Amino acid sequence: FTEASPLAPNNPYAASKAAADLLVRAYANTYGLVTNITRCSNNYGPNQHPEKLIPLMIQRAMADRPLPVYGDGLQVRDWLYVDDHCRAIDLVLRNGLPGEVYNIGGGTELTNLALVKQLLALLHKPESLIAHVPDRPGHDRRYAMDATKLRESLGWEPVVDMAEGLRRTVEQALAS
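Residues numbered from 1 in each chain as written. Predicted model: local features only at pLDDT ≥ 70, side-chain atom pairs only at ≥ 80, totals over all residues. Heavy atoms only, no water.

## Considering the overall build of the protein chain
In step 1: Scanning the protein chain from terminus to terminus reveals 6 helices and 8 strands.
In step 2: Listed N to C, the secondary structure of the protein chain is α-β-β-α-β-β-α-β-β-α-β-β-α-α in terms of helices and strands.
In step 3: Relative to the compact-globule value of 16 Å for 176 residues, the protein chain shows a C-alpha radius of gyration of 18 Å, a close match.
In step 4: Overall, the C-alpha framework of the protein chain stretches about 55 × 35 × 25 Å when taken along its three principal axes.
In step 5: Across the 176 residues of the protein chain, 37% fall into the buried class. (Helix = DSSP H or I, 4+ residues; strand = E, 2+ residues; numbered from the N terminus. Rg over C-alpha atoms; globule rule 2.2 N^0.38 Å. Buried < 20%, exposed > 50% of the residue type's maximum accessible area, 1.4 Å probe, protein only.)

The structure is reproduced here in C-alpha cells:
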C-alpha cells in the first residue's frame, strides 16, 4: 500500500484502523488540529502482547505445545522491529509535514509459515510443532506498506533487520 491507496478493510480489525485515520482527518479538517497519520506494517519485538503471532509462537514452542498456523500459512506480512517504528514516529512528529500521511514499513515480507519456521530454528524446536488450523474469516492474504515517501522525504530507514530483531526477541523471551 502507498499513502494514496484507498482504505478498503476486509475485516473489523482493519476497519477500526481505517476509522481511526478518518477520525483524525475529520478533526484536522473541522477544528484545524495539526495532525499526521502514520500507517505501519506488522510490528514485533521484546515484550509484545502475548496474543500476537511472534510472542504466541515463541511461548508455545518453548513449552513444546502446538503452534497454530492459520490455513496454509502462506499469508504474507511485512515486518518492522518496534524500535524502528518508534524512530519513524518520532521523525514524523518532529519533521513531518502537517496533514501528511506516512507509511512505515520494514521491507521484510515473509509468509506466516516461513516466520514460524525461523522462530522454531532459533529456539531449536522441531517443525512438527506446527499445527495448521482453519483460517480466520476476512484474513488478508498480503499486507505490506510502501515506505518510499518516508524514506525519500524524511530520510528514514529501518536499522534492525529481521534476523537481528528475531534474535533479540527470542533472547528476551528466553531470559524472562
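Read on, since the account is not over.
## Some words on the side chain of histidine 139
In step 1: Assignment of secondary structure puts histidine 139 in the loop between strand E7 (130–133) and strand E8 (142–143).
In step 2: Look at histidine 139 and you get buried, because its relative accessible area is 15%.
In step 3: Engagement of the side chain of histidine 139 in a polar contact is seen with the side chain of aspartate 135, the distance being 2.5 Å.
In step 4: Setting aside residues no more than four positions away along its own chain, histidine 139 makes contact with Tyr70, Gln75, Arg77 and Asn112. (Polar contact = N/O pair within 3.5 Å; in protein donor to acceptor, adjacent residues only side chain to side chain. Contact = heavy atoms within 4.5 Å.)

## Description of unusual backbone geometry
In step 1: Backbone geometry places asparagine 47, a non-glycine residue, at a positive phi of 70°.
In step 2: Tracing the sequence through the fold places asparagine 47 in the loop between strand E2 (42–44) and helix H2 (53–62).
In step 3: A relative accessible area of 66% places asparagine 47 in the exposed class.
In step 4: Phi is positive for aspartate 64, which is not a glycine, with a value near 55°.
In step 5: You can see aspartate 64 is positioned in the loop between H2 and strand E3 (67–70).

## Observations concerning helix H4 (residues 112–122)
In step 1: Those residues of H4 that sit buried are Asn112, Leu113, Leu115, Val116, Leu119 and Leu120. In a view along the axis of H4, the buried residues occupy a sector of 160°, so they form one face of it.
In step 2: Following H4 by one or two positions, histidine 124 adopts a phi angle in the positive range, close to 55°. (Arc of directions from axis to C-beta.)

## Details of the packing of H2 against H4
In step 1: Packing of H2 against H4 brings their axes to within 10 Å, and their N-to-C directions diverge by 45°. Between H2 and H4, the angle is such that the two are oblique. With respect to the hand of their crossing, H2 and H4 are arranged in right-handed fashion. Contacts between H2 and H4 involve Leu53, Ile54, Met57, Ile58 and Ala61 from the former and Asn112, Leu115, Val116, Leu119 and Leu120 from the latter.
In step 2: Broken down by class, the residue content of the contact of H2 with H4 amounts to 9 nonpolar, 1 polar and no charged. (Axes fitted to C-alpha atoms, helices over the stretch in contact; angles between N-to-C directions. Parallel < 35°, antiparallel > 145°, perpendicular 65-115°, else oblique. Left-handed = near helix turned anticlockwise from the far one by under 90°. Nonpolar A, V, L, I, M, F, W, Y, C, P; charged D, E, K, R; others polar.)

## Thoughts on the packing of aromatic side chains
In step 1: On inspection of all chains with the given rule, the structure shows 4 aromatic pairs.
In step 2: Both rings, one in phenylalanine 1 and one in tyrosine 143, keep their centres 5.6 Å apart while their planes meet at 50°; by these two values the pair is tilted. One end of the pair, phenylalanine 1, is in the segment before helix H1 (12–31); the other, tyrosine 143, is in strand E8, with 142 residues separating them in the sequence.
In step 3: Between the aromatic rings of tyrosine 44 and tyrosine 81, the centroid separation amounts to 5.4 Å while the plane-to-plane angle is 70°, which identifies the pairing as edge-to-face. Of this pair, tyrosine 44 sits in strand E2 while tyrosine 81 sits in strand E4 (residues 76–81), and the two are 37 residues apart along the sequence. As far as the burial class goes, tyrosine 44 and tyrosine 81 line up, both buried. (Phe/Tyr/Trp six-rings, centres within 6.5 Å; stacked < 30°, edge-to-face > 60°.)

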